[in-house]
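This is what each chain is made of:
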Amino acid sequence: MNRKLQKVVLIDDNETTSFLNNRLLQRLELADNVLSFTNAEQAFAHFWGKQGATPDEAPELVFVDLKMPGMDGFEFLNQYNRLAPEQRQKTVMAVLTTSMHSADTTRVAQYEGVEYLAKPLTEEKMQRLLQKRFAMAS
């Protein structure tokens with residue numbers, strides 16, 4: 001791959017899942033920084049919660065689980081959707097979930113530009129996402 005992403009974020013309350021996804025992303029060497037959060041509210045506050053947050057600070061790719069205690073993936077997407085377009089333009093948002101329930105896929109489809117991936121994250125799924133959203137392939 002000729003270009004790396006600067007920042008990829010994993011948001012999942014399951015630490016084993018985050019660990020495995022982190023290992024996959026490191027093995028693929030597609031990002032300079034991979035940050036993991038077990039709490040969606042903390043992740044949102046970290047990147048978009050402070051006054052004057054610039055698009056430069058935002059991650060290029062975020063994977064968020066739907067089913068989490070506290071702020072779940074849908075609440076996270078709602079908060080994200082309320083941001084100004086210039087704050088959202090740099091980030092590709094991807095739901096990464098075990099849920100293949102039609103109600104969940106329909107609900108996620110209401111958010112413009114959000115990718116829907118079934119767990120587990122694999123190299124093949126990652127390559128398809130990179131080709132589709134970043135015009136990148138290894």
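Note that the coordinates shown come from a computational prediction; the quantities given were computed from them, not determined experimentally.

### Here's the deal with the confidence of the model for the chain
Summarising the model, the chain shows a mean pLDDT of 91, and 93% of its residues fall at 70 or more. Element-level pLDDT for the chain is lowest in helix α4 (residues 85-88), with a mean of 88, against a maximum mean of 98 in strand β3 (residues 61-64).

### Remarks on empty space enclosed by the protein
Summed over the entire model, instances satisfying the criterion amount to one cavity of 30 Å³ or more. Approximately 40 Å³ is the volume found for the largest cavity. Lining the largest cavity are Leu 10, Ile 11, Asp 12, Ser 18, Asn 21, Phe 63, Val 64, Asp 65 and Leu 96. When the residues that make up the lining of the largest cavity are grouped by side-chain class, the tally is five nonpolar, two polar and two charged.

### Quick look at the packing of aromatic side chains
For the coordinates displayed, the defined rule picks out six aromatic pairs. Between Phe 44 and Phe 76, the aromatic rings sit 5.8 Å apart at their centres with planes inclined by 90°, giving edge-to-face as the arrangement. One end of the pair, Phe 44, is in helix α2 (residues 40-48); the other, Phe 76, is in helix α3 (residues 73-81), and 32 residues separate them in sequence. By relative accessible area, Phe 44 is classed as buried at 10%. You can call Phe 76 buried: its relative accessible area is 0%.

### Comments concerning unusual backbone geometry
Here the amide bond leading from Lys 119 into Pro 120 is cis, since omega sits at 0°, within 30 degrees of zero. Position of Pro 120 relative to the elements: it lies in the loop between β5 (115-118) and α6 (123-134). A positive phi is found at Glu 29, a non-glycine position, where the angle reads about 50°. By the secondary structure assignment, Glu 29 is in the loop between α1 (15-28) and β2 (31-37).

### Quick word on the packing of α2 against α3
For the pair α2 and α3, the least separation of the axes is 10 Å and the interaxial angle reads 20°. With respect to α3, the element α2 is oriented roughly parallel. Crossing angle aside, the handedness with which α2 passes α3 is right-handed. Between α2, through Ala 40, Ala 43, Phe 44 and Trp 48, and α3, the contact on the second element is made entirely by Phe 76, Gln 79 and Tyr 80.

### What to know about the side chain of Glu 60
Inspection of the secondary structure assignment puts Glu 60 in the loop between α2 and β3. Classification of Glu 60 by relative accessible area gives buried; the value is 9%. A distance of 2.3 Å separates a polar atom in the side chain of Glu 60 from the backbone nitrogen of Gln 6. Apart from the residues within four sequence positions on either side, Glu 60 is in contact with Arg 3, Leu 5, Gln 6, Lys 7, Lys 90, Thr 91, Val 92 and Phe 134.

### Notes on the nonpolar core
General note: in soluble globular proteins, nonpolar side chains tend to be found buried as a group. Ranked by size, the top nonpolar core spans 24 residues in total, and within it Ile 11, Trp 48, Phe 76 and Met 93 carry the most contacts. If you list the elements that add at least two residues to this core, you get β1 (5-11), α2, β3, α3 and β4 (92-97). Among the elements that take part in this core, α2 stands out by supplying five residues, more than any other. In this structure Met 93 touches Trp 48, Val 62, Val 64, Phe 76, Leu 77, Tyr 80, Gly 113, Val 114 and Glu 115, once residues within four positions along its chain are discounted. Val 8, Leu 28, Val 92 and Leu 117 belong to the second largest nonpolar core, which has 19 residues in total.

The rules behind the values
Residues numbered from 1 in each chain as written. Predicted model: local features only at pLDDT ≥ 70, side-chain atom pairs only at ≥ 80, totals over all residues. Heavy atoms only, no water. pLDDT = per-residue confidence, 0-100. Helix = DSSP H or I, 4+ residues; strand = E, 2+ residues; numbered from the N terminus. 1 Å grid on protein atoms, 1.4 Å probe; cavity = no way out; pocket = protein on both sides within 12 Å on 5 of 7 lines; lining within 4 Å. Points joined across faces, edges and corners; volume = space filled by probe spheres on them. Nonpolar A, V, L, I, M, F, W, Y, C, P; charged D, E, K, R; others polar. Phe/Tyr/Trp six-rings, centres within 6.5 Å; stacked < 30°, edge-to-face > 60°. Buried < 20%, exposed > 50% of the residue type's maximum accessible area, 1.4 Å probe, protein only. Axes fitted to C-alpha atoms, helices over the stretch in contact; angles between N-to-C directions. Parallel < 35°, antiparallel > 145°, perpendicular 65-115°, else oblique. Left-handed = near helix turned anticlockwise from the far one by under 90°. Contact = heavy atoms within 4.5 Å. Polar contact = N/O pair within 3.5 Å; in protein donor to acceptor, adjacent residues only side chain to side chain. Core = buried A, V, L, I, M, F, W, Y, C linked by side-chain atoms within 4.5 Å.

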